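Structural overview
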Amino acid sequence: MASVTAESIKMEMEMFGMDCQDESILDKMLEQCLCNRLQADELMAEWVAFSTTKNSLKLSMDTLEQFEHEVLTKKSKSKHSIKREDPLNRTRDIHSLQDLIKAEEEEENLLDSYSTPAKGSQKRALTTPEHPHSKRSAALLASPGLLLSPASFSPSATPSQKYSQRGAKGEVVVTFGAVQGTRWAGRKSPGSGLQLELLESPEDTLHCSYKYMFQRLRDVRNVLTEKIEELGESLRSNFNIEEFSPVSLPAQDSITVLGQVCCDSNGKLNAQSVLLEVGPEQGGQQVSVDLSELREYSLFPGQVVVMEGMNTTGRRLVASKLYEGVPLPFYSPEVKQEMDEVPEPLSVLVACGPYTPSDSLTFDPLLDLISIIVRDRPDVCLLLGPFVDSKHEQIEKAQVTETFEAIFMRCIETIVEGTKSVGCRLVFVPSHRDIHHHFIYPQPPFTLPDLSKDQAQRVTLVPDPCTLLIEGVTFGLTSTDILFHMSAEEISCAPGSDRFSRILKHMLTQRSYYPLYPPVEEVNMDYEKLQSYGQMPLTPDVLIVPSELRYFIKDVIGCVCVNPGRLTKGQVGGTYGRLLIQRSTSLEDGKRVSPCLAGQVVKI
């Protein structure tokens with residue numbers, strides 16, 4: 001703190017248009033600065049605020065006494081009370097905790113030197129070791145779990161009661177594949193020599209932040225038009241369609257039209273409000289669609305389809321046949337493995353935030369997840385946001401005392417340090433609910449400049465969405481709740497099918513991680529970036545789609561789709577997922593074999 005002088009106080013007074021020639025007043029104000037640890041500008045700011053509330057009080061020795069009694073004394077007391085509460089209320093990292101313990105030990109030593117130990121007291125040994133450590137510090141330094149305690153994260157050091165009292169810990173709620181007798185541990189040396197990379201080349205991957213909010217309607221139209229044309233071409237070649245007819249011309253014969261499904265109003269889509277909007281090559285117009293003759297259908301706004309039917313008036317298409325999209329092929333490695341070379345199964349853990357209960361900013365669920373990672377030793381951990389949830393009660397009410405970036409960094413450092421003994425690879429996927437990150441879709445990856453070189457080798461930062469290649473197995477990842485968004489918009493007449501499977505099939509056949517148009521209000525879409533980075537380059541072997549909706553693991557047209565749920569659901573614990581994967585080199589009856597051997601969704 002810079003030293004305060006009478007001259008500096010006088011200069012501050014002149015800035016406020018106050019002229020004081022009385023040396024005793026300047027000395028009194030200097031004394032107040034020194035006693036209350038204030039700078040000259042801070043004292044003047046307090047005085048101006050005080051005098052304004054007292055109808056422009058004049059500066060004198062009496063008014064300074066009143067100012068000291070009513071403002072400075074109370075301010076000093078509040079500072080002391082904050083300092084006393086500081087060890088519990090301020091978020092700390094490992095080093096600041098150790099500094100705090102050291103200061104407390106020095107205080108204890110000072111008190112002990114002035115006091116006589118009670119009779120029979122064995123608190124301190126008679127001989128002083130060269131480097132004394134209290135029991136408290138020894139226990140804390142010996143236990144990394146305590147260093148990662150909830151009090152080190154949050155200004156609210158009160159753990160969630162409902163979370164701590166939850167039942168059915170570790171209960172398996174969903175199973176997939178051959179789980180009987182499955183060993184969920186990773187390889188002997190997790191993470192070492194593991195192939196884990198983004199599937200696409202760096203120039204085709206979103207790897208840094210970009211400028212947004214500069215989107216023109218013409219650019220959006222061009223992106224949507226190109227999507228219709230691209231998917232239309234794949235439908236035309238797959239179903240051997242000769243050509244697409246204009247949608248607005250009356251025709252007495254059956255016609256085949258290509259277009260995008262949309263709603264005739266701003267409300268929710270229903271069977272009576274379906275419109276088909278065609279691309280510029282077919283006239284660029286909209287036509288109302290009658291679905292009454294279709295036996296089954298599943299439609300959502302933004303879906304590109306081919307319809308066959310009658311349009312005798314040019315204003316209403318009576319659809320008799322619906323052609324939906326065609327999925328992309330699966331990944332096939334360029335270098336084939338030797339037939340006798342059977343790779344060891346790979347253990348993958350999947351968890352999605354929030355990592356705190358809604359009534360507390362203590363990261364108890366995250367610490368429990370770290371202990372599970374240490375116990376099971378998976379090879380790869382896919383951790384999806386939000387890490388600092390914008391929908392958290394305390395964040396919405398502005399009750400945090402640290403910056404969001406600081407809370408996030410402490411969270412990441414804890415995950416990296418807590419899993420150091422395991423050596424597993426960590427993949428961090430951002431979420432549009434991460435309050436400290438860019439609120440745009442597609443979302444650029446996190447930046448962690450403070451990671452050490454050893455830590456950075458284990459950590460992979462990816463955008464949302466992305467396609468990963470892990471030991472020859474492709475993973476599609478998105479933290480955006482597309483299931484929830486599409487569930488609210490999809491209409492269907494499909495007896496015997498479930499909604500989740502239909503929506504997941506739409507994602508795979510529309511070849512997009514977010515095929516819904518227009519998107520929901522909370523998703524800020526950049527369409528040019530969506531066209532570049534939000535499309536599926538192929539059909540992934542495993543698709544991770546965390547959602548507020550019920551957890552599941554399903555095989556949808558050969559792709560294993562996983563909703564691991566969220567690690568916390570409100571004030572109680574949620575779920576996480578774990579998979580056992582193995583790239584198969586052989587085919588069964590000429591058919592592809594899914595690389596996902598087994599999967600489970602487990603309660604935290």
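Residues numbered from 1 in each chain as written. Predicted model: local features only at pLDDT ≥ 70, side-chain atom pairs only at ≥ 80, totals over all residues. Heavy atoms only, no water.

Selection criterion: UniProt positions are given in the numbering used here, feature names are shortened, and annotations may be inferred rather than shown by experiment.
Under an unreviewed UniProt entry, the protein chain has the name DNA polymerase alpha subunit B and belongs to Myripristis murdjan. What the UniProt record of the protein chain gives under Function (unreviewed entry) is the line "Accessory subunit of the DNA polymerase alpha complex (also known as the alpha DNA polymerase-primase complex) which plays an essential role in the initiation of DNA synthesis."

1. Some words on the sheet that holds strand 2 (residues 196-198)
As a reminder, the rule being used: Any two strands with at least two DSSP-identified bridges between them are counted as paired. Secondary structure counts use DSSP, requiring at least four H or I residues in a row for a helix and at least two E residues in a row for a strand, with both numbered from the N terminus. Axis definition: a line fit to C-alpha positions, over the contact stretch in the case of helices; interaxial angles, taken between N-to-C directions, run 0 to 180 degrees. When checking whether two residues touch, look at their non-hydrogen atoms; a contact exists if any pair is within 4.5 Å.
Here 6 strands make up an open sheet; going across it, the order is 2-13-14-16-18-17 and the pairing mixed. Edge positions in the sheet fall to strand 2 and strand 17 (552-556), since each has one partner strand and no second. Along the sheet, successive strands turn relative to each other by an average axial angle of 25°, direction set aside. One ladder, built from 3 bridges, connects strand 14 (residues 473-477) with strand 16 (residues 542-544); its direction is parallel. Paired with L477 across the bridge in strand 16 is I544. Seen against the sheet, helix 15 (residues 499-510) touches strand 16, strand 17 and strand 18 (559-563) and runs at an angle of roughly 55° to strand 17.

2. Here we look at the sheet that holds strand 22 (residues 596-603)
Hydrogen bonds between backbone atoms are what pair the strands of a sheet, whose relative direction is either parallel or antiparallel. In space, the 7 strands of this open sheet follow the order 1-22-21-9-10-11-12, with mixed pairing throughout. In this open sheet, the two edge strands, each paired with only one partner strand, are strand 1 (172-177) and strand 12 (459-461). Here the strands of the sheet are splayed against their neighbours by 15° on average, with no regard to which way each runs. In this structure, strand 1 lies alongside strand 22, joined through 5 bridges in antiparallel fashion. By the bridge assignment for strand 22, V174 is matched with V601. Helix-sheet contacts for helix 10 (residues 364-376) involve strand 9 (346-352), strand 10 (380-384) and strand 21 (575-581), and the interaxial angle to strand 21 is about 25°. Of the strands in this sheet, strand 10, strand 11 (425-429) and strand 12 are in contact with helix 12 (residues 404-418), which crosses strand 11 at around 160°.

3. Digging into unusual backbone geometry
Backbone torsion omega between G353 and P354 reads 10°, so that peptide bond is classified as cis. Relative to the helices and strands, P354 resides in the loop between strand 9 and helix 10. Residues Y441 and P442 are joined by a peptide bond in cis, for which omega reads -5°. For P442, the position within the fold is in the loop between strand 11 and helix 13 (453-458). Of note, the phi angle at R377 is positive, near 50°, even though the residue is not glycine. Here R377 lies in the loop between helix 10 and strand 10. The phi dihedral of E471 is positive, around 50°, even though this residue is not glycine.

4. A closer look at helix 3 (residues 40-53)
The test is simple: Given the number of residues in a helix, its expected span is that number minus one, multiplied by 1.5 Å. Burial classes: relative accessible area under 20% of the type maximum marks a residue as buried, over 50% as exposed, and values in between as partly exposed (1.4 Å probe, protein chains only). Taken from the helix axis, the directions to the C-beta atoms give the arc we talk about.
In this model, helix 3 (14 residues) spans 20 Å end to end at C-alpha, consistent with the 20 Å of a helix rising 1.5 Å per residue. Looking at helix 3, one finds that the buried residues are A40, L43, M44, W47, F50 and S51. The buried residues of helix 3 all sit within an arc of 130° when viewed along its axis, so they share a single face. Looking at helix 3, the residues exposed on the side facing more than 90 degrees away from the buried face are T52 and T53. Just past helix 3, the residue N55 takes up positive phi, approximately 60°.

5. Points about the environment of G577
Summarising the element assignment, G577 is placed in strand 21. Judged by relative accessible area, which is 2%, G577 ranks as buried. Spatially, the C-alpha atoms of G577 and F552 are 9.3 Å apart, while their sequence positions differ by 25 residues. Each residue touching G577, except ones within four places of it in the same chain, is listed here: V348, L349, V350, P564, Q600 and V601.

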